[in-house]
Amino acid sequence: MSTQQLIESINEAQLKTDLPRFDVGDTINVHVRIVEGAKERIQVFQGVLISRKGRGINEMIIVRRIVDDQGVERTWPINSPLIAKFEVVRRADARRAKLYFLRDRVGKSRRLRDRRRGMKHVEGQKTVH
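Residues numbered from 1 in each chain as written. Predicted model: local features only at pLDDT ≥ 70, side-chain atom pairs only at ≥ 80, totals over all residues. Heavy atoms only, no water.

Caption draft 1: Up close: the overall build of the protein chain. Looking only at helices and strands, the protein chain has one helix and five strands in total. Mapped from its N terminus to its C terminus, the protein chain presents α and β elements in the order α-β-β-β-β-β. The proportion of buried residues among the 129 residues of the protein chain is 27%. Within the protein chain, contacts between residues at least 6 apart in sequence are counted, and of these 54% link residues at least 24 apart. Carbon and sulfur atoms make up 49% of the accessible area of the protein chain, which amounts to about 9200 Å² in all. (Helix = DSSP H or I, 4+ residues; strand = E, 2+ residues; numbered from the N terminus. Buried < 20%, exposed > 50% of the residue type's maximum accessible area, 1.4 Å probe, protein only. Contact = heavy atoms within 4.5 Å. Areas by Shrake-Rupley, 256 points an atom, 1.4 Å probe, with all protein chains shown as cover.)

Caption draft 2: Representation of the sheet that holds strand 3 (residues 60–67) within the structure. Pairing within the open sheet is antiparallel, and its five strands lie in the order 4-3-2-1-5. The sheet is open, and its two borders are formed by strand 4 (70–77) and strand 5 (83–90), each paired with just one other strand. Pairwise comparison of adjacent strand axes, ignoring direction, gives a mean angle of 40 degrees for this sheet. Judged from the 10 bridges that link them, strand 1 (residues 27–36) and strand 2 (residues 39–53) form a sheet pairing that is antiparallel. Across the sheet, residue R33 finds its bridge partner in strand 2, namely I42. (Pairing = 2+ DSSP bridges. Axes fitted to C-alpha atoms, helices over the stretch in contact; angles between N-to-C directions.)

Caption draft 3: Structural detail: the packing of aromatic side chains. For the structure shown, the criterion picks out two aromatic pairs. Between R65 and the ring centre of F45, over which it is positioned, the NZ or CZ distance is 5.1 Å. Stacked on the ring of F45, the Lys or Arg R74 has its end atom at 5.9 Å from the ring centre. (Phe/Tyr/Trp six-rings, centres within 6.5 Å; stacked < 30°, edge-to-face > 60°. Lys NZ or Arg CZ within 6 Å of the ring centre and 35° of its normal.)

Caption draft 4: Quick look at the nonpolar core. In this structure, F22, I28, V30, I61, V63, W76 and F86 are the most contacted members of the largest nonpolar core, which totals 13 residues. Secondary-structure elements contributing two or more residues to this core are strand 1, strand 2, strand 3 and strand 5. In this structure, I61 is in contact with F22, I28, L49, S51, R52, R74, T75, W76, I78 and F86, ignoring residues within four places of it in sequence. By size, the runner-up hydrophobic cluster in this structure holds seven residues, among which are V24, I50, I62 and L112. (Core = buried A, V, L, I, M, F, W, Y, C linked by side-chain atoms within 4.5 Å.)

In structure tokens:
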């Protein structure tokens, strides 16, 4: 067994299996565990998924939201133990792999086109309303 295969087999046990299907452009809720002293609580960060990169244990996402007319972006590893769960709120039609152009957009041009047609044919793609 090569070194690379050995590393991947060790990392495979750490991967999350209960992830919903989400793509770039989707609006998602990221439920993050916040530890304050001895207490632990869950905080929800809702925003548009603008980037997804890496693979396996190293896969990262960037989620962007607007708070008081300021853009806030957070980067998380998908398989982090600090993330309780992901929820897909809305699916959008993105024609690019990275949506960094949304950083320069304001107002209605910031919105992405909804992807509703053909949703019933895709497995495991439920939306939360």
